Amino acid sequence: MKNNFSNLFKGFSKLNLSERLQSLMEAGVLSSEEANYLKSGGLKDSGLGEKFVENVVGYFQLPMGIATNFQIDGEDYFIPMAVEETSIVAAASKTAKWVRESGSIKTEVVGKNIIGQVQFAKVKNPEQFKKDVLSQKQYLIDLANREVAFGLVARGGGVTDITVRFVDREEESASFMGVVHVLLDPVDAMGANIINQVCEFLKDHLQSLTGEKVTMCILSNLVDTKITRAEINIQNIDSDLAEKIQEASLFAELDPYRAATNNKGVLNGIDPILIATGNDWRAVEAGLHAYAAQSGRYKSITKWRKTGANELHGIFEAPLIVGTVGGVTTLHPTAKIAMKMMGIQNSSHLSRICAAVGLTQNLGALKALTTVGIIEGHMKLHIKNLSLGAGAKDEEMPQLQKRLEEILQLRKRISLSNAIEVLKELRATRL
Ligand code: MEV
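Residues numbered from 1 in each chain as written. Predicted model: local features only at pLDDT ≥ 70, side-chain atom pairs only at ≥ 80, totals over all residues. Heavy atoms only, no water.

Moving on: the overall build of the protein chain. On a plain count of helices and strands, the protein chain comes out with 18 helices and 10 strands. Projected onto its principal axes, the C-alpha positions of the protein chain cover 85 × 50 × 45 Å. Going through the 431 residues of the protein chain one by one, you find that 47% of them count as buried. Pairs at least 24 apart in sequence give 74% of the contacts found in the protein chain among residues at least 6 apart. (Helix = DSSP H or I, 4+ residues; strand = E, 2+ residues; numbered from the N terminus. Buried < 20%, exposed > 50% of the residue type's maximum accessible area, 1.4 Å probe, protein only. Contact = heavy atoms within 4.5 Å.)

Even without being a glycine, serine 87 presents a positive backbone phi close to 90°. Position of serine 87 among the secondary structure elements: in the loop between β2 (75–82) and α5 (88–102). If you check the backbone angles, lysine 412 has positive phi at about 60° while not being a glycine. Counting through the fold element by element, lysine 412 comes out in the loop between α17 (397–411) and α18 (416–430). The class for lysine 412 is exposed, based on a relative accessible area of 52%.

With respect to the helices, strands and loops of the structure, valine 357 is situated in helix α15 (residues 347–370). Along the primary structure valine 357 and leucine 209 are separated by 148 residues, whereas in three dimensions their C-alpha atoms are 47 Å apart. Valine 357 has contacts with Phe70, Ile79, Met81, Gly269 and Ile273, leaving out every residue within four places of it along the chain.

So, on to the site of the ligand. Around the ligand sit Glu85, Arg258, Thr261, Asn262, Lys264, Gly265, Asn268, Ala365, Leu369 and Ile374, and those are all the residues in its vicinity. Lysine 264 is positioned with one of its side-chain polar atoms (N or O) 2.8 Å from an oxygen atom of the ligand. Contacts to the ligand include asparagine 268, whose side-chain N or O atom sits 2.9 Å from an oxygen atom. Surface burial for the ligand is 86%, taken as the share of its 300 Å² of free accessible area covered by protein chains. Of all the secondary structure elements, the ones that give two or more residues to the shell around the ligand are α11 (256–276) and α15. The class makeup of the residues in the shell around the ligand is 3 nonpolar, 4 polar and 3 charged. (Near = heavy atom within 4 Å. Polar contact = N/O pair within 3.5 Å; in protein donor to acceptor, adjacent residues only side chain to side chain. Areas by Shrake-Rupley, 256 points an atom, 1.4 Å probe, with all protein chains shown as cover. Nonpolar A, V, L, I, M, F, W, Y, C, P; charged D, E, K, R; others polar.)

A sheet is described by the order of its strands in space; here 4 strands give the open sequence β3-β8-β10-β9, paired in antiparallel fashion. Of all the strands in the sheet, the pair left with one neighbour each is β3 (103–110) and β9 (302–308). Direction aside, the axes of adjacent strands within the sheet are offset by 15° on average. Examined bridge by bridge, β9 and strand β10 (residues 311–318) share 6 bridges and lie antiparallel to one another. Paired with tryptophan 304 across the two strands is glycine 314, which belongs to β10. Contacts from α15 reach β3, β8 (227–234), β9 and β10 within the one sheet, and its direction differs from that of β8 by about 45°. (Pairing = 2+ DSSP bridges. Axes fitted to C-alpha atoms, helices over the stretch in contact; angles between N-to-C directions.)

Domain parsing of the protein chain yields domain 1 (6–110 + 227–371), domain 2 (114–220) and domain 3 (375–429). Computed over C-alpha atoms only, the centres of domain 1 and domain 2 are separated by 34 Å. Across the boundary between the two partners, domain 1 contributes 10 residues, which contact 6 residues of domain 2. Together, the buried faces of domain 1 and domain 2 total about 530 Å²; carbon and sulfur atoms form 62% of this surface. It is Ile321, Val325 and Ser347 in domain 1 that bury the most area against domain 2; as a group they hold 58% of the surface buried on that side. The interface formed by domain 1 and domain 2 contains 0 salt bridges. Applying the counting rule to domain 1 against domain 2 returns 4 residue pairs in polar contact (both at pLDDT 80 or more). Residues that form the side of domain 1 that touches domain 2 fall into these classes: 4 nonpolar, 5 polar and 1 charged. (Domains from an automatic or database assignment. Buried area = accessible area lost by both parts, 1.4 Å probe. Salt bridge = Lys/Arg side-chain N within 4 Å of Asp/Glu carboxyl O.)

Once that is clear, we can look at the pairing of β8. Note: β3 against β8, 8 bridges, orientation antiparallel. Paired with valine 110 across the bridge in β8 is isoleucine 227. Alignment of β8 against β10, held across 7 bridges, turns out to be antiparallel. Bridging across to β10, threonine 228 finds its partner in alanine 318.

This is the structure:
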């Protein structure tokens, strides 16, 4: 039975915190204990932090908001997003509502292997080196699976392939850099530890097999062997808007300066989910950017095309390597709640959700940028932060925000000094 939260999505943003938690309990995505844990401020036990990092002095708390209206592959989701930037959660929910009403989101993961690299800085005899490694490939795979990755093998994964590459040393054409790629299916783990262990384990065997010297072993974050795709189709879109979104997309496909900002907007949708679920967002970021530059020029990670008079099609494609077992994901109580909230079944499922939200976030940004512009779409919500930054008290907020919105409308610009100035004026008139 697929989740259908359409009634609970309605008016969610108008609820107060207790009512929102109540709504999530009604949806069956939170228990009363989990709701109480979140309401009382989440994790406080510094002992857990000591298990993760060194020299712990406390926690850094980020707000976790819930993006609503998401229907991904026909299933409704409340999406937990841990992020500091105003408007991301609101924009995701608003755009997801549009997609829900006028289109659909489909996702898939293609491939299953992650990559480990064993570097041979200077290979004396490249041809022989390649022959030696490849002729013993199955032996090495079986050995690594038997001695190191046996836990993964039991779960249906493990080392699946070994390949050899040569990297151009550029400055020294006489010698070759050899790289052995170890491909491994990590099942539901992110796989960083196990792939590194497998590579370290194979190091001595590869050295004695080839007579060449290993320099280092480490995973690669450019996992072009496991790609997550999301697609959005929108019907009944205003023809002019579809045209503008296509032009905005072309801008990001052709110009690396724009591509960087476009991709940052996509990551606005992805990173907050990675953080909320305790995943390594730096690894995902590195992989995504490297993939975006794979053609030799840094490009947008999304592409939008007008596919009919009133139709728009968008696609996101990149490696999104996440884990759903082990590490922070299974130890941090908030991460566990975030996973449960989305009913995550396995790592591919989580990757698909991230891709869907990233592409939706991108659509929202492109729509805002090609219509009302970033000031209206972004800064309006930023006014709340400016008001807080200026030191407004709770009771002063509504009046100050109203006045700042008027200034924004008038001047198309707003800053913290405006907020400080207006707050001063408001306080003076009350005296
Ligand atoms: C701001 O956080 C994100 C945007 O700059 C993304 C974009 O330009 O596509 C609005």
